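Chain by chain, the residues:
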Amino acid sequence: MTTTKTKKGAAALPLNTIVDGDCIEAMNALPAGSIDLIFADPPYNLQLKGDLHRPDNSRVDAVDDAWDQFSSFAAYDRFTQDWLAAARRLLKPNGAIWVIGSYHNIFRVGAAMQNAGYWILNDVVWRKSNPMPNFRGKRLTNAHETLIWASKEEASKYTFNYEALKALNEGVQMRSDWVLPICTGHERLKNEAGEKAHPTQKPMSLLHRVMVATTNPGDVVLDPFFGTGTTGAVAKMLGREYIGIEREANYREVAEKRLSKVRKFDKEALQVTTSKRAEPRVPFGQLVERGMLNPGEELLSMNGRHKAKVRADGTLIGDDIKGSIHQVGAKLEGAPSCNGWTYWCFKRDGKMVPIDLLRQQIRAEMTDRPN
């Protein structure tokens, strides 16, 4: 992993590198339609006026860096419009973007996204299980941030690993309110002086969920506000390619050191639960062609009430009813439809075996083929 200087007209993607430079210039120098997913954590424009202190008068290490300061809302809006336009140019037709922010900026960013042509899919509330308290006692404790997930356009066939998110959530559909802790303890990166390396470092758990949900291994993930490299670290572990853009040298230095220690998980560990619709289609006739079932072999219904014979063309015949495994099953049961894969079984060594096991065997061979 290296730091790469931006060059206008660059044709190749600087995969798994940190680009040194302004995010808008750097994005405009990359080839259009080359990125699968963008995760953006832009400046929040907090408009802090003076230091923030705790009740014991100790100073809070808040966001007061120059990169978070803008002369006006109009200046911030222009910046937002410019980087969103550069980001949208980079996305593939079916690409998507996540943007995270607080109440200071996320509503302005959301409107700019819609104006730029993005299609908002969800807003997600990241509810912090351990938020920083409100020291002045004049407002509610800021216990959440908002993420906007959007596709490049309304017609985009964006990635959404629904079943994988459901599996992450103990079999229950994932909601749009995520309870995760802020970055603390061993995960919080420190500089040589022992201070926070970055004031708004995001937890790896948040990026893990985003990437498992909306990317696949091998996808290219861009973070135009790379900071200390959480996006890159999670992408690398999960087998995704990453590109970071960061203009602050001290953040790049921390990120490079961090990423050099990250190791990718093994291929088998990177697989996630997929939707049945996403699995490769296997015609029943392929089982006959490959000799896994033979013409004339008898299939039995799982409930034991019906039987049918396999024909050479992959259809069945039973009780003078002919058709596909689904059609024959439905007619025999007097039902409007039937999933033949789960309805029929065959005998092997005196045991009943669902035909779906043969389909899964073929699917496993498909997914194990080298690219």
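Numbering of residues starts from 1 in every chain and runs along the sequence as written. Owing to the predicted nature of the model, reporting of local features is limited to residues with pLDDT of at least 70; listing and counting of side-chain atom pairs is limited to 80 or more, with chain, interface and lining totals taken over all residues. Values shown for side chains rest on all heavy atoms present in the structure; no hydrogens or waters enter the calculation.

- Taking an unreviewed UniProt entry as the reference, the protein chain is identified by name as Methyltransferase belonging to Parasulfitobacter algicola.
- UniProt positions are given in the numbering used here, feature names are shortened, and annotations may be inferred rather than shown by experiment. Note on the protein chain: under the UniProt heading Sequence similarities (unreviewed entry), the record states "Belongs to the N(4)/N(6)-methyltransferase family."
- In its Catalytic activity (unreviewed entry) section, the UniProt record describing the protein chain reads: "a 2'-deoxyadenosine in DNA + S-adenosyl-L-methionine = an N(6)-methyl-2'-deoxyadenosine in DNA + S-adenosyl-L-homocysteine + H(+)".

1. Description of the side chain of arginine 240
Here is step 1 of the chain: In DSSP terms, a helix is any run of H or I states spanning at least four residues, a strand is any run of E spanning at least two, and both are numbered starting from the N terminus. Relative to the elements of secondary structure, arginine 240 occurs in the loop between helix H6 (230-237) and strand E9 (241-246).
Here is step 2 of the chain: Buried residues are those whose accessible area, probed at 1.4 Å on protein chains only, stays under 20% of the maximum for their type, while exposed residues exceed 50% and partly exposed ones sit between those limits. His is not counted here, nor are the chain ends, while Lys and Arg score as positive and Asp and Glu score as negative. A carboxyl oxygen of Asp or Glu within 4 Å of a side-chain nitrogen of Lys or Arg is what we treat as a salt bridge. With no salt bridge to any partner, buried arginine 240 finds its closest opposite charge in aspartate 219, at an N-O distance of 5.8 Å.
Here is step 3 of the chain: Under the rule applied, a polar contact is a pair of N or O atoms within 3.5 Å (in protein, one hydrogen donor and one hydrogen acceptor; residues adjacent in sequence only if both atoms are side-chain atoms). One polar contact links the side chain of arginine 240 to the main-chain carbonyl oxygen of methionine 211, over a distance of 3.4 Å.
Here is step 4 of the chain: Working rule for contacts: check all heavy atoms of both residues, and any pair within 4.5 Å makes them a contact. Not counting the four nearest positions on each side in its chain, arginine 240 is found in contact with Asn16, Met211, Val212, Thr215, Asn216, Pro217, Gly218, Asp219, Val221 and Ala235.

2. Comments concerning the pattern of salt bridges
Here is step 1 of the chain: Across all of its chains, the model carries 13 salt bridges by this definition.
Here is step 2 of the chain: For arginine 88, the salt bridge is made with glutamate 153, and the minimal N-O distance between the two is 3.9 Å. Of the two residues, arginine 88 is situated in helix H2 (residues 73-90) and glutamate 153 in the loop between strand E6 (144-151) and helix H4 (162-168); the sequence distance between them amounts to 65 residues.
Here is step 3 of the chain: Assessed through its relative accessible area of 22%, arginine 88 is described here as partly exposed.
Here is step 4 of the chain: Across the pair arginine 305 and glutamate 333 runs a salt bridge whose closest N-O atoms are separated by 2.7 Å. Residue arginine 305 is found in the loop between strand E10 (298-301) and strand E11 (307-310), and its partner glutamate 333 is found in helix H10 (residues 325-333); the two are separated by 28 residues along the sequence.

3. A few points about the sheet that holds strand E12 (residues 316-318)
Sheet strands pair via backbone hydrogen bonds, and the direction of the pair is either parallel or antiparallel.
Here is step 1 of the chain: By this definition, two strands are paired if DSSP reports at least two bridges between them. Read from one edge of the open sheet, 6 strands run E13-E12-E11-E10-E14-E15, paired in antiparallel fashion. One side of each edge strand has no neighbouring strand; the edge strands of this open sheet are strand E13 (321-323) and strand E15 (351-354). Geometrically, the sheet is characterised by an average inter-axis angle of 35° between neighbouring strands, direction not taken into account.
Here is step 2 of the chain: As judged from the 3 bridges shared by E10 and E11, these two strands associate in the antiparallel manner. If you follow leucine 299 over to E11, its bridge partner there is alanine 308. Inter-axis angles, ranging from 0 to 180 degrees, are taken between N-to-C directions of lines fitted to C-alpha atoms, where helices are fitted over the stretch in contact.

4. Focus on the nonpolar core
Here is step 1 of the chain: Counting residues in hydrophobic clusters, the biggest one holds 35 residues, and the most contacted among them are Trp98, Leu147, Trp178 and Leu206.
Here is step 2 of the chain: In terms of residue count, the dominant contributor to this core is helix H5 (residues 204-214) (6 residues).
Here is step 3 of the chain: Tryptophan 178 has contacts with Trp98, Val124, Val125, Trp126, Arg127, Leu206, Arg209 and Val210, leaving out every residue within four places of it along the chain.
Here is step 4 of the chain: To define a nonpolar core, start from buried Ala, Val, Leu, Ile, Met, Phe, Trp, Tyr and Cys residues and group those joined through side-chain atoms within 4.5 Å. Grouped together as the second largest cluster of nonpolar side chains are 31 residues, Met27, Ala40, Phe79 and Val220 included.

5. Let's talk about unusual backbone geometry
Here is step 1 of the chain: Not every positive phi belongs to a glycine, and glutamate 170 is a case in point at roughly 55°.
Here is step 2 of the chain: One can find glutamate 170 in the loop between H4 and strand E7 (177-180).
Here is step 3 of the chain: Residue glutamate 170 is classed as exposed on the basis of its relative accessible area of 75%.
Here is step 4 of the chain: Residues other than glycine seldom take positive phi values, yet aspartate 349 does so here, at roughly 55°.
Here is step 5 of the chain: Tracing the backbone through its elements, the reader meets aspartate 349 in the loop between strand E14 (344-348) and E15.

6. So, the packing of aromatic side chains
Here is step 1 of the chain: Stacked, edge-to-face and tilted labels apply to pairs of Phe, Tyr and Trp rings (six-membered ring for Trp) whose centres lie within 6.5 Å, assigned for plane angles under 30 degrees, over 60, and everything in between, in that order. Applying the stated criterion across every chain, the model contains 11 aromatic pairs.
Here is step 2 of the chain: The interplanar angle of 85° and the centroid separation of 5.2 Å between the aromatic rings of tryptophan 83 and phenylalanine 225 together place this pair among those described as edge-to-face. Here tryptophan 83 is found in helix H2, whereas its partner phenylalanine 225 is found in the loop between strand E8 (220-223) and H6, with 142 residues between them in sequence.
Here is step 3 of the chain: For phenylalanine 225, a relative accessible area of 14% puts it in the buried group.
Here is step 4 of the chain: Judged by centre distance (5.8 Å) and plane angle (45°), the ring pair of tryptophan 98 and tryptophan 178 falls under tilted. Highlighted residues: tryptophan 98 in strand E4 (residues 91-101) and tryptophan 178 in strand E7, separated in sequence by 80 residues.
Here is step 5 of the chain: Classification of tryptophan 178 by relative accessible area gives buried; the value is 3%.
Here is step 6 of the chain: Chaining the aromatic ring pairs together yields one cluster made of Trp98, Trp149, Tyr158, Phe160, Tyr162 and Trp178.

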